Amino acid sequence: MGPSLARRARLPGTAVRSAAVSAATSPETPPETSLVPPDDAVAPVRHPEAPAPGTPLGAHYDHCFGCGQALPHGLHLQAHAGEGVSVTAEFTVKPQHQGAPGLAHGGVLTSALDETLGSLNWLMHSIAVTGRLETDFLLPVPVDTVLHLDARCTAVHGRKIYSDAVGRIGGPKGPIAVRAKAVFIEVKVEHFIDNGRKEEIEAAMEDPDQVRRARAFEVNP
Ligand SMILES: CCCCCCCC(=O)SCCNC(=O)CCNC(=O)[C@H](O)C(C)(C)COP(=O)(O)OP(=O)(O)OC[C@H]1O[C@@H](n2cnc3c(N)ncnc32)[C@H](O)[C@@H]1OP(=O)(O)O
């Protein structure tokens, strides 16, 4: 039998060293923004026309990796509006989401958290993108598991929207398998129009369904 992973000798050249130059402190890279809201941050405000608690939010864009139904390998995450600025969501881990054999890939779990956190913006009628997202992986998540996600916005400071989320397994009250904190940054719709690939932007803007067209960019009609 081979050595256990823990006992395996370190490969040549893989000794842990501290980086000589930190990308975060190089002149071109802005410093990391804290995930803790500053003291003068304000409470998030639920938009008066936000969907009532319990309402399914549906997919904001058919081709979204997180919630779209058009991608067979996507997460097909189903989110529901909660009280205040909160959402719940479910994501079932499928074989195409594996990292280690039979277990969900960590990046996929982070995507599920990102998508759930992103849908909070719909309740505030703001358009925002993920600026920073930090995930703690607490339990392995096997294939076929339903991940029960719960996200809430905690504070707003200028364009910065602070939020956190947990993902539980074994039921909505089960143990926390993953949790995340995030800062989303409010943007204008031009963020997508100017940066997205032309084909998809044009197709989304030509959608005759006004709500679907608006939701592709999470802009409330
Ligand atoms: C339609 C919705 C789909 C939802 C899908 C799920 C969510 C996603 O995955 S979105 C995709 C992933 N995210 C991205 O692609 C974003 C890429 N980044 C960018 O485009 C830009 O860096 C962007 C827009 C975040 C910020 O750029 P810019 O508008 O120039 O911001 P800038 O004026 O420098 O900063 C504004 C504030 O935000 C803060 N900030 C900027 N970037 C970040 C960041 N990455 N992390 C944390 N804070 C940040 C700044 O410190 C500043 O704070 P303060 O007002 O206190 O000084």
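Note that residues are indexed from 1 along each chain, following the sequence as it is written. The predicted origin of the model limits local features to residues at a pLDDT of at least 70 and limits the giving and counting of side-chain atom pairs to 80 or more, whereas totals for whole chains, interfaces and linings rest on all residues. Side-chain descriptors were evaluated using all non-hydrogen atoms of the structure, hydrogens and water having been removed beforehand.

You'll find the chain entered in an unreviewed UniProt entry as Acyl-coenzyme A thioesterase THEM4, with Streptomyces cacaoi given as the organism. UniProt positions are given in the numbering used here, feature names are shortened, and annotations may be inferred rather than shown by experiment. Under the UniProt heading Sequence similarities (unreviewed entry), the entry covering the chain gives this text: "Belongs to the THEM4/THEM5 thioesterase family."

**Describing the overall build of the chain**
Along its length, the chain carries five helices and six strands. Helix and strand definitions follow DSSP, with helices as H or I runs of at least four residues and strands as E runs of at least two, each counted in order from the N terminus. From first element to last, N terminus to C terminus, the chain shows the α and β order β-β-α-α-β-β-β-β-α-α-α. We call a residue buried when its accessible area falls under 20% of the maximum for its residue type, exposed when it is over 50%, and partly exposed in between, using a 1.4 Å probe and counting protein chains only. A buried classification covers 36% of the 221 residues belonging to the chain. If you sum the accessible surface of the chain, you get close to 13,000 Å²; carbon and sulfur atoms cover 57% of it. Only the protein chains shown count as cover for residues, and all accessible areas are computed by the Shrake-Rupley method using a 1.4 Å probe.

**Quick look at the site of the ligand**
Near the ligand lie 16 residues; those nearest to it are T33, D114, T130, R159 and K160. Contacts described as polar in this section are N or O atom pairs within 3.5 Å, which, within protein, must combine one atom able to donate a hydrogen with one able to accept it, while residues neighboring in sequence count only if both atoms come from side chains. Contact distances for the ligand include 3.0 Å between a nitrogen atom and a backbone N or O atom of G131. R159 has a polar side-chain atom sitting 2.6 Å from an oxygen atom of the ligand. For the ligand, whose free accessible area comes to 1,100 Å², the fraction covered by protein is 54%. Tallying contributions element by element places strand β3 (residues 128–137) first for the shell around the ligand, with four residues. Each residue is assigned to one of three groups, with Ala, Val, Leu, Ile, Met, Phe, Trp, Tyr, Cys and Pro labelled nonpolar, Asp, Glu, Lys and Arg labelled charged, and all others, Gly among them, labelled polar. Taken together, the residues of the shell around the ligand sort by class into six nonpolar, five polar and five charged. Throughout, near means a residue has at least one heavy atom within 4 Å of the molecule or strand.

**As for the UniProt feature "domain: Thioesterase" (unreviewed entry) in the chain**
As annotated in UniProt, the feature "domain: Thioesterase" (unreviewed entry) corresponds to residues 102–162 in the numbering used here. A helix fraction of 30% and a strand fraction of 41% characterise residues 102–162, whose end C-alpha atoms lie 33 Å from each other.

**Focus: the nonpolar core**
Formed by 36 residues in total, the largest nonpolar core has its most connected members in F91, L117, L147 and L149. By definition in these notes, contact holds between two residues if any of their heavy atoms fall within 4.5 Å. For F91, the contacting residues outside a window of four places in its chain are L75, L77, H97, V108, L109, A112, T145, V146, L147 and L149. Each nonpolar core is a collection of buried residues, namely Ala, Val, Leu, Ile, Met, Phe, Trp, Tyr and Cys, held together in the definition by side-chain atoms within 4.5 Å.

**A look at the side chain of S163**
Counting through the fold element by element, S163 comes out in strand β5 (residues 160–168). Residue classification places S163 among the buried positions, given a relative accessible area of 4%. Non-local contacts of S163, meaning those with residues more than four positions away in its chain, are made with L117, L120, R152, C153, T154, A180, K181, A182 and F184.

**Section: the sheet that holds β5**
When DSSP finds two or more bridges between two strands, those strands count as paired. Within the open sheet, the six strands sit side by side as β1-β2-β4-β5-β6-β3. Their pairing is antiparallel. Whereas interior strands pair on both sides, the edge strands pair on one side only; in this sheet they are β1 (78–81) and β3. Neighbouring strand axes in the sheet, compared pairwise and without regard to direction, differ in orientation by 20° on average. Pairing between β1 and strand β2 (residues 86–92): four bridges, direction antiparallel. Pairing of A81 across the sheet is with V87, part of β2. Axis lines are fitted to C-alpha atoms, over the contacting stretch for helices. Their N-to-C directions set the angle, which ranges from 0 to 180 degrees.

**A closer look at the pairing of strand β6 (residues 176–186)**
Where β3 and β6 come together, nine bridges link them in antiparallel fashion. Counted as the bridge partner of D136 is R179 from β6. Strand direction decides the pairing type here: β5 and β6, joined by nine bridges, are antiparallel. Paired with V166 across the bridge in β6 is R179.

**Looking at helix α1 (residues 106–118)**
One less than the number of residues in a helix, times 1.5 Å, gives the span that helix is expected to have. Taking 1.5 Å per residue as the helical rise, α1 with its 13 residues ought to reach 18 Å, and the 18 Å between its terminal C-alpha atoms agrees with that figure. Those residues of α1 that sit buried are V108, L109, T110, A112, L113, E115, T116, L117 and G118. Buried residues along α1 sit in contact with β2, α2 (120–124), β3, β4 (146–157), β5 and β6.

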